[in-house]
Amino acid sequence: MKLPACMILAAALAALSFPSIAAEEGQPAAPKTAKPDLVKGEQGFTAVCAACHGADGNSTIPANPRLSQQHPEYLIKQLREFKDGKRNDAVMKGFASTLSEDDMRNIAYWVTAQKAKPGFAKDKDLVMLGERIFRGGIPDRQIAACAGCHSPNGAGIPSQYPRLSGQHADYTVAQLLAFRDGKRLNNVQMTGVAAKMNDREIRAVADYIAGLR
């Protein structure tokens, strides 16, 4: 049986006039993520981070990582994990604990928009070994190539793997040792890779990474 056109029109208008079932049942709409405020990000970075990481994220202290041009999603993840204790560092936990989600997002997006300065490899005796490991891994010990996740030029993959190119060798060595020795526990994949590497291999790949650009 065909419905009159006027009844079809009335039904359509009624459907448009009433809220959805989800809204009637009081289910909240999906939250919208606020856009980062880069002005506040610069202010927050200057106040909280610049003393250790440099005014523009290009740290000059080898033990402190360079943050400029890092992926913002990666920095936000690390700040959250410092704050909740998943990544253990007493100094960073103290700073991260003072930051809200908005603060983290604003700071991360501001500093990662700053241009990274190039780094340099220092140990010519190790850098060739480092290049072999970074590009090809160590197949006979099932050590994967770093380039497979962090890209051949160390740029990383946004939202997945951090940028490494130009990073201080001292910092990279410290993190690989922390993964290997069970002191940094917030990445199972990196723990597995570092567990198979000896000190010389770690120093070599860290030095090669420092010169990547």
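No experiment lies behind these values; they were computed from the predicted model shown.

*Asks:* Please give an account of unusual backbone geometry that cites residues and values.
*Replies:* Phi is positive for Gln142, close to 55°, though the residue is something other than glycine. Here Gln142 shows up in the loop between helix H8 (124–136) and helix H9 (147–150). Its identity as a non-glycine residue notwithstanding, Ser159 has a phi of 70°, on the positive side. Along the chain, the position of Ser159 falls in the loop between H9 and helix H10 (169–180). Assessed through its relative accessible area of 55%, Ser159 is described here as exposed.

*Asks:* Talk me through the environment of Ala169; I want residue IDs and the actual numbers.
*Replies:* Looking at where Ala169 falls in the secondary structure, it is placed in helix H10. Each C-alpha atom, one on Ala169 and one on Ile202, is 9.6 Å from the other, the two residues being 33 residues apart in sequence. Ignoring anything within four residues of it in the chain, the contact list for Ala169 reads Ala206, Asp207 and Ala210.

*Asks:* How would you sum up helix H12 (residues 199–211)? Please name residues and give values.
*Replies:* Relative to the 18 Å expected for 13 residues at 1.5 Å per residue, H12 spans 19 Å between its end C-alpha atoms, a close match to the ideal helical length. For H12, every residue scored as buried is listed here: Glu201, Ile202, Ala204, Val205, Ala206, Asp207, Tyr208, Ile209 and Ala210. For H12, the elements touching its buried residues are H8 and H10. Backbone nitrogen of Arg200 and a side-chain oxygen of the N-cap are separated by 3.1 Å at the start of H12; the cap is Asn198.

*Asks:* So what's going on with the packing of helix H5 (residues 72–84) against helix H7 (residues 101–111)? Residues and values would help.
*Replies:* Each pair of packed helices can be described by the angle between their axes along with the distance between the axes. Axis separation between H5 and H7 bottoms out at 9 Å; the angle between their running directions is 140°. As summarised for this structure, H5 and H7 are arranged oblique, according to the angle between their axes. The two elements H5 and H7 meet at a crossing, and its hand is right-handed. Between H5 and H7, the contacting residues are Pro72, Glu73, Leu75, Ile76, Leu79, Arg80 and Lys83 on the first element and Glu101, Met104, Arg105, Ala108, Tyr109 and Val111 on the second. Each residue belonging to the contact of H5 with H7 can be placed in one class, and the counts come to eight nonpolar, no polar and five charged.

*Asks:* An account of the confidence of the model for the protein chain is requested, with residue identities and associated values reported.
*Replies:* On average, the protein chain scores 89 in pLDDT, and the residues at 70 or more come to 85%. Within the model, pLDDT remains below 50 along residues 1–25, and this stretch shows three contacts once partners closer than five positions in the same chain are excluded.

*Asks:* Residue-level account of the pattern of salt bridges, with values.
*Replies:* Under the defined criterion, the tally for this structure stands at eight salt bridges. A salt bridge links Lys86 to Glu81; its shortest N-O distance comes to 3.8 Å. For Glu81, a relative accessible area of 7% corresponds to the buried category. Of the charged contacts in the structure, one is a salt bridge between Arg180 and Asp199, with a shortest N-O distance of 2.7 Å. In this pair, Arg180 is assigned in helix H10 and Asp199 in helix H12, connecting sequence segments 19 residues apart. Since its relative accessible area comes to 25%, Arg180 is described here as partly exposed. Looking at Asp199, the relative accessible area reads 41%, which means it is partly exposed. Via salt bridges that share partners, Lys77, Glu81 and Lys86 belong to a single interconnected network.

Basis of the calculations
Residues numbered from 1 in each chain as written. Predicted model: local features only at pLDDT ≥ 70, side-chain atom pairs only at ≥ 80, totals over all residues. Heavy atoms only, no water. Helix = DSSP H or I, 4+ residues; strand = E, 2+ residues; numbered from the N terminus. Buried < 20%, exposed > 50% of the residue type's maximum accessible area, 1.4 Å probe, protein only. Contact = heavy atoms within 4.5 Å. Expected span 1.5 Å × (residues − 1). Polar contact = N/O pair within 3.5 Å; in protein donor to acceptor, adjacent residues only side chain to side chain. Axes fitted to C-alpha atoms, helices over the stretch in contact; angles between N-to-C directions. Parallel < 35°, antiparallel > 145°, perpendicular 65-115°, else oblique. Left-handed = near helix turned anticlockwise from the far one by under 90°. Nonpolar A, V, L, I, M, F, W, Y, C, P; charged D, E, K, R; others polar. pLDDT = per-residue confidence, 0-100. Salt bridge = Lys/Arg side-chain N within 4 Å of Asp/Glu carboxyl O.

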